[in-house]
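# Structural features, examined
Chain by chain, the residues:
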Amino acid sequence: MGKDSGPKKAKQDNRKKTAKRAQSAKAERRRRPVLTTFKILGFTVGSLVVLGVAGGVGYAASMLKGLPKVSAATFSNNRAPSVVYDKTGKVIGRIQGDGDRQPISSIQQVSPKLKNAFIAAEDKTFYANIGINPLAMGRAAIQDVLGHRIESGASTITQQTVKLAVFPEQQRTLRRKIQEIALALEVTHQLTKNEILTDYMNWVDMGNLGSTPVYGVKRASEILFGKDPKNLTLAESAFVAAIPNNPSYFSPYQYPKHTIARQHYILQQMLDDNMITQAEYNQAIHFNILKVLHAAPKSGLPSYPYLMLDEIEPRVCQELVNEKLYDNVADAKRALSSAGLSIYTTIDLSKQKDITKVLADPSLFEGTNKTYQPPKGKAVTDYYQAGVTLVDNKTGGILAVGGGRDFTKDNYDHADYARQPGSSIKPLLDYGPAIDTKILTASSLLYDAPTQFSESSGNWDPKDDEDDFAGLMTARVALYESRNVPAIDVLETLTPQTGFQYLNKMGMGPTDKTLTGDPTIVADDENHLSSAIGGLDNGVTVEQMTSAYSTFANQGVWRQGYMIQKIKDNTGHTIYTAHPKTAQVYSPATAYIITNMLHDVLYTPGGTATSVGAQFPGQYISGKTGTTDSLEDGWFVGYTKDYTLGVWMGYNHHEPIYNINQYNEKFTVWSDIMKPILQQKPATTPWPKPANVVAEDVSSSSGMLPTAASKADGSVYTEYYIDGTQPTQTDNIHVEAKYVVIDGKKYLATTNTPPADVKTGTFIKIPSDIPDMAHKIPGGYNADTPYLLPTQADPRGGQILDDGSTPGNGSTLPAPTGLNGHVAGNQVVLNWQAVTGANTYEVYRSTSQNGQYQDLGKVTGNSFTDSQLPTNANAVYYEVYAISSSAMSDASAPYGIQLPSGTVQGDENSTTNGTANQTDNNTTTDDNTSDTTN
């Protein structure tokens, strides 16, 4: 769009409009010859001569020296502020300079009652006079001659209009009065009476309504009664018309009794002039006007200063420069207050009011102010602040913004203020891209364990916010618990370069800056793995993060966040229309899976925002928290199908937040803002699932297909996958292995381990394909450490019996079968079936079937004679193990035999081979190990 479409074109349109208006005025009235300047002079002087005041034509001529030229444009060019509208057409505010004004274009835009009230109050002969009132002029002239100063006026509406538009300095001298008379006569010949009255109502001085000077009836009506002037009642019309006679004395906010007294006077004049009936007069005179009078604006600031001054104004200026309507932002900013632009935004005023109200609630911030002492200078108050952005997911339009708590105390726009995002960056930079590129699934195992990276600045050992490392966990759990080390592992595997390519598509790249031109993400951020957990050089803004999160709600499509929909010039010509960017960032399947994972943040025990989920039970809300070191920054970005709301809280000077209740106020702010939204439109409809997303039941501990044991203990859940990435193998994380404990340390059992010392346990075996295992610190302790499969064999040598390489591996030798025996005198003879592959058998005995078994010794054959029976035993029980050079079987089924009375028995602990080792039951599973199955 070229310059001709902007201010220059508007000026041309104004000239055409003014010319047309002048021609219309002439056609409307009875045709009369246009008075020349001399005729005006003669009429004026004649009037003065009749009154005996002026000395003649020469004196009057000297008074008219330097008389300004007037035309219709003189009155139509009253500088109008640019008006900002919300998405429904409601006025948000005005961008104004020397006063607050909003012109009307026709007398039909005001109530007839208001028109009559002004005529009754200011100029009863308005429609009949020639623009002046000779009697009033004579009175003023006499005052000037006698006192060299005019004390009273009674000027016509036409004269007042000239005075306001042409003589704004308001000098009360005869010279100015004569020039005003001359111009009033001229204007009467150029414009119709209705056009003059329209101009008057645009220029009339309404005084300071609040702390801002107001001109014109339209803006005054809106401030005083929240109404358009065409909707004013009779009582309200007379009240408005009462002010201009003396705006200071009749100020409705400073001296309301004065205003009411003049209102009553005007109503009486209207009754006397038959403009209203007695009944109308009675109703208006008894109406309590102060009851409907709106409160005065508190300051010269707009109603929503963060929005108007920090958001809308810079955005509009930049768009006007981009459209080549102004050379630079400074020129555009200077023009806004007088250009009369109509600015249409995406803002929803009702939601903007909600956000403003929440952030202004003093109870949320009680006792949170801190004192910051800069290196030089005086200490300042550091306010606990909030930045908020609400986005319409379907359009990308920004519906509301919360720049802070109180603009008069802290005018930083915290919605457009770059801060480190902490863990809130993880779905966007780490998990989203990794799932999208199929190097990760929601059930992929990650290892939260001590990790170390060697960097140029030294070793970096990242930590979780928690005091411990949780060990193996699925990506889903790692995300909703917000574990740091797994996220770093994901980005290291993905590569930061790939992750930042995704951010760049969502308006978070090195070229994207704040509205004030400050940098956000920089190229150097790609060089640091700490970016995976939000450790950016500068950070990102709430508006950027909110816009990016809406991508997940939009099936992976990013819609650029924008606020300015359309701009029209003062002629109604559109000079700018928004065309926000869009980009397919993630696949719809990825967006669905990430959204499903982030739902757990709010609704699954262990999620970091369950207090929000508790506020909205049963709703489809997803989101992510973010925290930086010392809790200096607190984030929560949550979204439904329709809306995304981002909240940041913290201090300007990065004060730490040690009070956890204060830190968690981000959840309160988010919930309080969303409550009215979700009451009106609950998020109870499930997210649409793409056709290529499949569901699979998997083990919660391994993320793989469940085993019978997984199903038995209930550790199975339904996970979602991009079709083709779902697991195909069963759980191989939990394995059975034989082990021995020596001096409190577990070793893998070998063929040299005494069978009675061998225990069978269930262990966790770290998969070989875990991301970033190369950076794990060997022996680093985590929650899974006590349950990890031993990696060292029994130091006594021999072949490892079972290294857990196969889930539930057990022995490679079958247990002996057919165990039987008989009593032969004072001994028991045992026999069993030989086991293929075994070269040794070891026999154990107990005096009860479930008792403690003792090692009796080894034999190479498949029989054994127990000649040293225990004392006082009525029965004995035996188990036999088969042993090869590389394996050991499980125990045979126990075999019991009754001992006849009178049998000669030996020492309870004696054995036929002289060994007397008291051991634990080798079939007992170690409790400390088996408890870790899930």
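Residues numbered from 1 in each chain as written. Predicted model: local features only at pLDDT ≥ 70, side-chain atom pairs only at ≥ 80, totals over all residues. Heavy atoms only, no water.

As annotated in an unreviewed UniProt entry, the chain is Transglycosylase domain-containing protein from Alicyclobacillus fodiniaquatilis.

### Topic: the pairing of strand 9 (residues 384-392)
For clarity, the threshold we go by: Note on classification: 1.4 Å probe, protein chains only; a residue is buried when its accessible area is under 20% of the maximum for its type, exposed when over 50%, partly exposed between these limits. A helix here means a DSSP run of H or I that spans at least four residues, while a strand means a run of E at least two residues long, and both kinds are numbered starting from the N terminus. Pairing between two strands is assigned when DSSP locates at least 2 bridges connecting them.
Counting buried residues in strand 9 gives nine out of nine residues, a clear majority hidden from the surface. Burial along strand 9 is two-sided: the face carrying Y384, A386, V388, L390 and D392 and the face carrying Q385, G387, T389 and V391 are both buried. Relative to strand 21 (residues 643-651), strand 9 is paired through nine bridges, and the arrangement is antiparallel. Bridged to Q385 within strand 21 is G650. One ladder, built from four bridges, connects strand 9 with strand 10 (residues 398-402); its direction is antiparallel. Looking across to strand 10, one finds that V391 is bridged to I398. The antiparallel pairing of strand 9 with strand 10 creates a hairpin that spans five residues between the two strands, and G396 there sits at a positive phi of about 85°.

### Quick notes on the side chain of K624
Heads up, the rule is: For the purpose of counting charges, residues Lys and Arg are taken to be positive, whereas Asp and Glu are taken to be negative. His and the chain ends are not included. In what follows, salt bridge is the name for a side-chain nitrogen of Lys or Arg lying within 4 Å of a carboxyl oxygen of Asp or Glu. Two N or O atoms form a polar contact when they lie within 3.5 Å of each other; inside protein one atom must be a possible hydrogen donor and the other a possible acceptor, and for residues adjacent in sequence the pair counts only when both atoms belong to side chains. Note on contacts: a residue pair is in contact if any heavy atoms of the two residues lie within 4.5 Å.
Mapped onto the elements, K624 comes out in strand 19 (residues 622-627). Although K624 lies buried, it forms no salt bridge, and the closest oppositely charged side chain, D465, sits 7.7 Å away as judged by the N-O distance. Of the polar contacts made by the side chain of K624, one reaches the side chain of T625; its length is 3.3 Å. With residues near it in sequence (within four places) discarded, K624 still touches S423, S424, P427, L479, S482, Y549, L598, V601, T608, W635, F636 and V637.

### Concerning the environment of M270
Relative to the helices and strands, M270 resides in helix 12 (residues 256-272). C-alpha separation for the pair M270 and A238, spaced 32 residues apart in sequence, amounts to 9.3 Å. Setting aside anything within four residues of it in sequence, one finds M270 in contact with K113, N116, A117, A120, L234, M275 and I276.

### With respect to the sheet that holds strand 6 (residues 342-345)
Counted only if it meets this: Orientation is described by lines fitted to C-alpha atoms, with helices fitted over the stretch in contact, and by angles between N-to-C directions that extend from 0 to 180 degrees.
Spatially, five strands are ordered 2-1-6-16-17 in an open sheet, and the strand pairing comes out mixed. Each edge of the open sheet carries a strand with a single partner, namely strand 2 (91-95) and strand 17 (574-577). On average, each strand axis in the sheet is inclined to that of its neighbour by 15°, with strand direction left out of account. Note: strand 16 (residues 564-568) against strand 17, three bridges, orientation antiparallel. Directly across from I567, in strand 17, lies its bridge partner Y576.

### Describing the sheet that holds strand 24 (residues 734-742)
Paired through their backbone hydrogen bonds, the strands of a sheet run either parallel or antiparallel. Ordered by their spatial adjacency, three strands build an open sheet running 25-24-26, and the pairing between neighbours is antiparallel. At either margin of the open sheet sits one strand with a lone partner, and together these are strand 25 (745-748) and strand 26 (759-764). When the angles between neighbouring strand axes are averaged without regard to direction, this sheet yields 60°. Across six bridges, strand 24 lies against strand 26 in antiparallel orientation. Residue K738 lies in a different strand from strand 26, and its bridge partner there is T760.

### Focus on the pattern of salt bridges
Note that side chains of opposite charge can pair when their charged atoms are close. One pass over the structure, following the stated rule, counts 27 salt bridges. The salt bridge involving D642 is made with K394; its shortest N-O contact spans 2.4 Å. Here D642, found in the loop between strand 20 (633-639) and strand 21, pairs with K394, found in the loop between strand 9 and strand 10; they are 248 residues apart in sequence, far enough to count as distant. Between R796 and D794 there is a salt bridge, with the nearest N and O atoms lying 3.0 Å from each other. Note on R796: relative accessible area 42%, which makes it partly exposed.

### So, helix 10 (residues 217-225)
Taken across its nine residues, helix 10 has nine buried, putting it largely inside the fold. Within the span of helix 10, buried status applies to V217, K218, R219, A220, S221, E222, I223, L224 and F225.

### Some points on the side chain of D784
The residue D784 is located in the loop between strand 26 and strand 27 (820-824) in this model. For the buried D784, which has no salt bridge, the nearest side chain bearing the opposite charge is R483, at an N-O separation of 11 Å. From its side chain, D784 meets the backbone nitrogen of L472 in a polar contact 2.7 Å long. Once residues lying within four places of it in the same chain are set aside, the contact partners of D784 are A470, G471, L472 and I764.

### Observations concerning the packing of aromatic side chains
Where we set the bar: Under the pairing criterion, centres of Phe, Tyr and Trp rings, with the six-membered ring standing for Trp, must be within 6.5 Å; the plane angle then separates stacked pairs below 30 degrees from edge-to-face pairs above 60, leaving the rest tilted. Whether a charge sits over a ring depends on NZ of Lys or CZ of Arg being within 6 Å of the ring centre and within 35 degrees of the ring normal.
According to the stated counting rule, one finds 23 aromatic pairs in the structure shown. Clustering of aromatic rings is evident, with ring pairs tying together Y502, Y549, F552, Y586, Y639 and W687. In this structure, K505 packs its charged tip against the face of Y502, placed 5.3 Å from the ring centre. Between the NZ or CZ atom of K566 and the centre of the ring of Y344, over which it lies, the distance is 5.4 Å.

### Some words on unusual backbone geometry
Even without a glycine there, the phi angle at D772 is positive, about 65°. Looking at the secondary structure, you find D772 in the loop between strand 26 and strand 27.

### Details of the nonpolar core
Rules: Throughout, nonpolar core names a set of buried Ala, Val, Leu, Ile, Met, Phe, Trp, Tyr and Cys residues whose side chains join them through atoms within 4.5 Å.
Grouped together as the largest cluster of nonpolar side chains are 89 residues, with contacts concentrated most on L390, L428, Y431, L503, V669 and W670. Counting 53 residues, the second-largest nonpolar core is a separate cluster that includes I157, V162, V240 and I243.

### Some words on the confidence of the model for the chain
The following threshold applies: Confidence of the predictor at the level of single residues is captured by pLDDT, which takes values from 0 to 100.
Summarising the model, the chain shows a mean pLDDT of 86, and 84% of its residues fall at 70 or more. pLDDT under 50 marks residues 1-56. Its contacts with residues more than four places away, or in other chains, come to 75 contacts. In this model residues 907-934 is a low-confidence stretch, pLDDT under 50, and it forms 80 contacts with partners more than four residues away in sequence or in other chains.

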